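Chain by chain, the residues run as shown.
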Amino acid sequence: MSDSAPPPSTSPDAGPPADADTAARVRDRIDATRPHPARVYDALLGGRNHYPVDRAAVLTSLEHNPRGYLDVRHNRDFVRRAVLHLTREAGLRQFLDVGTGLPTAPNVHQIAQSVAPDTRVVYVDHDPVVLAHARALLTAGPEGRTAYLDADLRDPHAILFGARATLDMERPVALGLAAILHFLESPAADEIVATLLDALPSGSAVFLTHLTPDLNPRTLLPALRATGLDFTLRTHAEVLRFLTDNGLEPVAPGVVPVHRWHPDDTWHSTDLEPEDTAGQDALEVAARRGIGDVRDEDINIYGAVALKP
Ligand SMILES: C[S@@+](CC[C@H](N)C(=O)[O-])C[C@H]1O[C@@H](n2cnc3c(N)ncnc32)[C@H](O)[C@@H]1O
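Rules used in this analysis
Residues numbered from 1 in each chain as written. Predicted model: local features only at pLDDT ≥ 70, side-chain atom pairs only at ≥ 80, totals over all residues. Heavy atoms only, no water. Helix = DSSP H or I, 4+ residues; strand = E, 2+ residues; numbered from the N terminus. Rg over C-alpha atoms; globule rule 2.2 N^0.38 Å. Buried < 20%, exposed > 50% of the residue type's maximum accessible area, 1.4 Å probe, protein only. Contact = heavy atoms within 4.5 Å. Areas by Shrake-Rupley, 256 points an atom, 1.4 Å probe, with all protein chains shown as cover. Polar contact = N/O pair within 3.5 Å; in protein donor to acceptor, adjacent residues only side chain to side chain. Axes fitted to C-alpha atoms, helices over the stretch in contact; angles between N-to-C directions. Parallel < 35°, antiparallel > 145°, perpendicular 65-115°, else oblique. Left-handed = near helix turned anticlockwise from the far one by under 90°. Nonpolar A, V, L, I, M, F, W, Y, C, P; charged D, E, K, R; others polar.

Asks: Describe the overall build of the protein chain, listing the residues and the values that go with them.
Replies: In terms of helices and strands, the protein chain carries 11 helices and eight strands. Whereas a compact globule of 309 residues would reach a radius of gyration of roughly 19 Å, the protein chain reaches 19 Å, a difference of no more than 12%. Structurally, the protein chain occupies a C-alpha span of about 55 × 50 × 35 Å along its principal axes. Residue burial in the protein chain is summarised as follows: out of 309 residues, 53% are buried. Long-range pairs, those at least 24 residues apart, make up 76% of the contacts in the protein chain between residues at least 6 apart in sequence. As displayed, the protein chain has an accessible area near 13,300 Å², and 51% of this comes from carbon and sulfur atoms.

Asks: Before we move on, can you summarise the environment of D125 with the specific residues and values?
Replies: Following the sequence through the fold, D125 ends up in strand β2 (residues 120-125). D125 sits in the buried class, given a relative accessible area of 8%. Once the C-alpha coordinates of D125 and T100 are considered, the two residues, 25 residues apart in sequence, prove to be 5.7 Å apart. Contacts of D125, omitting those with residues within four sequence positions, involve G99, T100, G101, V130, Y148, L149, D150 and A151. In this structure the side chain of D125 is engaged in a polar contact, spanning 3.2 Å, whose partner is the backbone nitrogen of T100.

Asks: Before we move on, can you summarise the packing of helix α2 (residues 37-44) against helix α3 (residues 52-64) with the specific residues and values?
Replies: Between α2 and α3, the shortest axis-to-axis distance is 9 Å and the interhelical angle comes to 60°. Between α2 and α3, the angle falls in the class oblique. The crossing of α2 and α3 is right-handed. The residues of α3 that touch α2, namely those facing R39, V40, A43 and L44, are V53, D54, V58 and L62. Looking at the contact of α2 with α3, its residues break down into six nonpolar, no polar and two charged.

Asks: Requested: an account of unusual backbone geometry, with residues and values cited.
Replies: Omega for the peptide link from A105 to P106 comes to -5°, which places this bond in the cis form. You can see P106 is positioned in the loop between β1 (94-98) and α5 (108-115). Between S186 and the following residue, P187, the backbone shows a cis peptide bond with an omega angle of 10°. Positionally, P187 belongs in the loop between β4 (174-178) and α8 (188-198). Phi is positive for A179, which is not a glycine, with a value near 55°. In this structure, A179 sits in the loop between β4 and α8. The backbone phi angle of H262 is positive, close to 40°, even though this residue is not glycine. With respect to the helices and strands, the residue H262 is situated in the loop between β7 (256-257) and α11 (282-288).

Right, here's the structure in full:
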């Protein structure tokens, strides 16, 4: 929801909560008084499923780092390229996407099923607003399947148990951990990643992204503080350890700033004249911009894909 939009719908058309009681319980869990990661991310991606408090936090953040939207847009584009790589090159047909975020275009199942229509995807998030909108994630074609789990990454056993209803856990699974591990402190994050990866068979994979203080901390840190969210930033070595400590082999070029991981030719830049943006706030302007003018000093998030031998 942007400023003028109504609160997240929990109507049957919007997501899984199909009856009035369930919808009311979901609504009760929504906290519109402070920013939440899924909604802040939605605002930065140019979505409309956020509250004024999220939008205000992002606008303050953009005052500190006007090009901060590029981290988020390039993170999402990394997800697209990673999922394409895993379906095309590695032949993965099952995805467990933890920390899904609000529906966006394209979602993981749409990316994977554009290559392999029989791909199965289980989405997992703990945010009630994502739950309220999850129906948009459940649009698999006739050959594939998608499911949504309202679950917390802090309980990996519940995620593995819930995923079994849709995924064959004896066959390779691509685990998605994009822009979520920086919401978990250590050692919890390390133990959770180990539990999830240990449960997956040989031939499985992980794609992950993670905010880092390594690259451009002078712009990143004040911008993150302005969001009011708590982050655990990790160095290159710490991000790499999520993979290598669990016996996974990173796909070349390894752990790199997201825009450096197999860039493709789909990016473009958009020149906007002052008259094109008159009366628009920084988020509305950012949403209209392309991401092709990215520079190394814009990016503060690592991405990697790794395979389980
Ligand atoms: C920044 S968004 C990333 C969305 C998507 N993975 C991407 O990279 O495009 C992070 C998501 O992780 C979810 N999240 C954060 N902590 C979580 C937890 N402990 N359990 C489940 N989901 C969580 C948030 O609700 C949010 O939707």
